[in-house]
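Coordinates in review
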Amino acid sequence: MTNANRHDIQVLNGLIRSTIDSADGYRNAAGETAETGYRELFERRDVERREVAEDLSFSVRGLGGEPDAEGSLLAKAQRAFLDVKHALLRDELSLVDAVESTEDHVRAHFAKALEDSHISATTRETIRRAWERLSGDHDAINELKRSLEGQHDADNRLFPQ
């Protein structure tokens, strides 16, 4: 790895970790849900994120670096906490909430990378294309969460009928 590529590789590896964190979150959610439709959605998103992580890994190799192959320790700890929360609550809202939290982190990480003035134009384009593949999913998960919150509120005995 040349010094000229070191920063680009570090940025890309950070995005790989975030993307793997997201994929792991979706995989975890797919394993926890009893709803077939949610499981299929979560499994599809898991695969999509792993493909994006692999594309970013290819770019790291092209720059002479070694791509990260695992998510972050912080995300693993967060998933363990959310597993406990879901075990206690046993509802789809807690799963979607966990997925959305990870998606917020991914969005912030990609935004920061795209604003980085020290990365090369080629790396910026790689990041932009990767983000383009992921960006609509955050909004869809947010809408799903709002829908589940509304359903949860409507099922509450205190909700005006």
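Residues numbered from 1 in each chain as written. Predicted model: local features only at pLDDT ≥ 70, side-chain atom pairs only at ≥ 80, totals over all residues. Heavy atoms only, no water.

A few words on the nonpolar core. Leu 15, Leu 56, Phe 110 and Ile 127 are the most contacted members of the largest nonpolar core, which totals 19 residues. Going through the elements one at a time, α1 (3–32), α2 (36–62), α4 (92–115) and α5 (121–155) are the ones with two or more residues in this core. A total of six residues in this core trace back to one element, the largest contributor, which is α1. Apart from residues no more than four positions distant in its own chain, Leu 56 is found in contact with Leu 12, Leu 15, Ile 16, Thr 19, Phe 110, Thr 126 and Ala 130. Membership of the second largest hydrophobic core comes to 13 residues, among which are Tyr 38, Leu 93, Val 96 and Leu 144. (Core = buried A, V, L, I, M, F, W, Y, C linked by side-chain atoms within 4.5 Å. Buried < 20%, exposed > 50% of the residue type's maximum accessible area, 1.4 Å probe, protein only. Helix = DSSP H or I, 4+ residues; strand = E, 2+ residues; numbered from the N terminus. Contact = heavy atoms within 4.5 Å.)

Right, let's get into the pattern of salt bridges. Any two side chains of opposite charge can pair, given that their charged atoms come close. On inspection of all chains with the given rule, the structure shows 14 salt bridges. A salt bridge links Arg 133 to Asp 55, with the nearest nitrogen and oxygen atoms 2.5 Å apart. With a gap of 78 residues between them, Arg 133 in helix α5 and Asp 55 in helix α2 connect regions that are remote in the sequence. Asp 55 sits in the partly exposed class, given a relative accessible area of 42%. Ionic pairing is found between Asp 97 and Lys 145, a salt bridge with its closest N-O pair at 3.0 Å. One end of the pair, Asp 97, is in helix α4; the other, Lys 145, is in helix α5, and 48 residues separate them in sequence. Among the ionic contacts, a cluster of salt bridges with common partners joins Asp 24, Arg 27, Asp 46 and Arg 50. (Salt bridge = Lys/Arg side-chain N within 4 Å of Asp/Glu carboxyl O.)

In this fold, Arg 17 is placed in helix α1. The class for Arg 17 is partly exposed, based on a relative accessible area of 31%. Placed 51 residues apart in sequence, Arg 17 and Asp 68 show a C-alpha to C-alpha distance of 6.7 Å.

This part takes up the confidence of the model for the protein chain. Residues at a pLDDT of 70 or more form 80% of the protein chain, whose mean pLDDT is 82. Across the protein chain, element-level confidence peaks in α2 with a mean pLDDT of 95 and bottoms out in helix α3 (residues 73–89) with 49. Contacts from residues 156–161, a stretch scored under 50 in pLDDT, to residues over four places away or in other chains number four contacts. (pLDDT = per-residue confidence, 0-100.)

Between two aromatic rings, the relevant description is the distance of the centres plus the angle of the planes. Under the criterion given, the structure shown has three aromatic pairs. For the ring pair Tyr 38 and Phe 42, a centre distance of 6.2 Å and an interplane angle of 20° mean the geometry is stacked. Of this pair, Tyr 38 and Phe 42 both sit in helix α2, separated by four residues, roughly a single helical turn. In this structure, Tyr 38 and Phe 42 share a single accessibility class: buried. Aromatic rings pair up to connect Tyr 26, Tyr 38 and Phe 42 into one cluster. (Phe/Tyr/Trp six-rings, centres within 6.5 Å; stacked < 30°, edge-to-face > 60°.)

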